[in-house]
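One-letter residues, chain by chain:
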Amino acid sequence: MTTLPRISFEFFPPQTLDASFRLWETVQALAPMQPNFVSVTYGAGGTTRKLTHEAVSAIGRNYGLNVAAHLTCVDATRTETLEIAEAYAAAGVTEIVALRGDAPKGATRFTPHPDGFASSVELVEALAATGKFKIRVGAYPEPHPDAADSFADVAWLKRKIDAGATSAITQFFFDADTFFRFRDACAKAGITAPIIPGILPITSWEGAKKFAARCGTKVPGKLDEAFTTAARDGREELLALAQCTALCDRLLQGGVDDLHFYTLNRPHLTREVVRALGITPELVLEKVA
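A brief report on the enclosed structure follows. Small disclaimer: the values here were computed from a predicted structure and weren't measured.

### Considerations on helix H7 (residues 205–215)
Okay, so step 1: Here H7 has its buried residues at Trp205, Ala208, Ala212 and Cys215. On an axial view of H7, the arc spanned by its buried residues comes to 90 degrees, and they lie on one face. Turned more than 90 degrees away from the buried face of H7, the exposed residues are Lys210, Ala213 and Arg214.
Okay, so step 2: At the C-terminal side of H7, glycine 216 shows a positive phi close to 80 degrees.

Following this line, the structure appears as structure tokens:
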């Protein structure tokens, strides 16, 4: 590995006072690692819309980080969604992660708002038309739960890129070859925009398996056995660090230039992995005025 990768982090907005402290502890821990950008998620069904805006604004203002705000199509009209985008622009945000979004709580499938965007492609087109944002989108190296197969995911990603997206961030995966196969399929389909692998440092193996089941990520049997044994022996954190670092290193050896970490607002393991990859922190002073 001759050059260091560009890295980025995903945070989610707090909904309680304790969660708020955890978010700011996470940002303070990871800001010195010099991320290319950080992103802030939307809750399912757009439930954290206001909190997301507040977190995006505060992170950018207090830490000087390049913040990409998540924006979804869920439970909002086109006008409302574009008003949110305008508010981001007014706050100095220049990047948006444009997503269809998960179904609202209690619903089993995404249903467009009668006056809203019917898909992420429509959302990307509208955001691109404003000329105000660099637009990132989601990508699925393993079939999305709503997709017929992996070919459908590649075709849909191409539509989003053609609509104006400039890069894609993948759902997390456990095997580097999963990403490489997807990257090759995208190149064959004529997709030239950067595809950034999404990395999930495993702070809880049981939690990671539940997360994987929801988004269609395959869990390798050997990895499940290894974490089961490690948990029994009290070595789960050590295994998590080794597993995540090895996955990242394999991706970098395969020509990847960027890594996007899903931090779950738990910074310790992500920071240790990034340091293991050779990235050292720089002193970052929070603005207090």
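### Section: the sheet that holds strand E4 (residues 95–99)
Okay, so step 1: Ordered by their spatial adjacency, 8 strands build a closed barrel running E1-E2-E3-E4-E5-E6-E7-E8, and the pairing between neighbours is parallel. Between one strand axis and the next, the sheet turns through 30 degrees on average, direction left out of account.
Okay, so step 2: Here helix H3 (residues 78–90) sits on the sheet in contact with strand E3 (67–72) and E4, set at roughly 170 degrees to E3.

### Looking at the environment of threonine 166
Okay, so step 1: Structurally, the position occupied by threonine 166 is in the loop between helix H5 (150–162) and strand E6 (167–172).
Okay, so step 2: For the pair threonine 166 and phenylalanine 133, spaced 33 residues apart in sequence, the C-alpha separation works out to 9.9 Å.

### A word on the pairing of strand E5 (residues 134–139)
Okay, so step 1: Within E5, 5 of the 6 residues are buried, which leaves the element mostly enclosed by the surrounding structure.
Okay, so step 2: In terms of strand pairing, E4 meets E5 through 4 bridges, oriented parallel. Note that in E5 the partner of valine 97 across the bridge is arginine 136.
Okay, so step 3: Bridge count for E5 against E6 is 4 bridges, and the pairing is parallel. Within E6, the position partnered with glycine 138 by the bridge is isoleucine 169.

### Brief notes about the pattern of salt bridges
Okay, so step 1: Counted by the stated rule, this structure contains 10 salt bridges.
Okay, so step 2: Between lysine 209 and glutamate 206 there is a salt bridge, with the nearest N and O atoms lying 3.4 Å from each other. One end of the pair is lysine 209 and the other is glutamate 206, both in helix H7 and 3 residues apart, which spans about a single turn.
Okay, so step 3: Under the relative-accessibility criterion, lysine 209 is labelled partly exposed at 23%.
Okay, so step 4: Linked by salt bridges that have partners in common, Glu206, Lys209 and Asp224 make up one network.

### Considering the nonpolar core
Okay, so step 1: Core analysis: the biggest nonpolar cluster contains 82 residues, and Tyr88, Leu157, Leu251 and Phe261 have the highest contact counts within it.
Okay, so step 2: Considering each element in turn, this core owes the most residues, 6 residues, to helix H9 (residues 236–253).
Okay, so step 3: Contact partners of leucine 251, with chain neighbours within four places excluded, come to Phe173, Ala176, Phe179, Phe180, Pro197, Ile199, Val256 and Leu259.

Thresholds, definitions, all that
Residues numbered from 1 in each chain as written. Predicted model: local features only at pLDDT ≥ 70, side-chain atom pairs only at ≥ 80, totals over all residues. Heavy atoms only, no water. Buried < 20%, exposed > 50% of the residue type's maximum accessible area, 1.4 Å probe, protein only. Helix = DSSP H or I, 4+ residues; strand = E, 2+ residues; numbered from the N terminus. Arc of directions from axis to C-beta. Pairing = 2+ DSSP bridges. Axes fitted to C-alpha atoms, helices over the stretch in contact; angles between N-to-C directions. Contact = heavy atoms within 4.5 Å. Salt bridge = Lys/Arg side-chain N within 4 Å of Asp/Glu carboxyl O. Core = buried A, V, L, I, M, F, W, Y, C linked by side-chain atoms within 4.5 Å.

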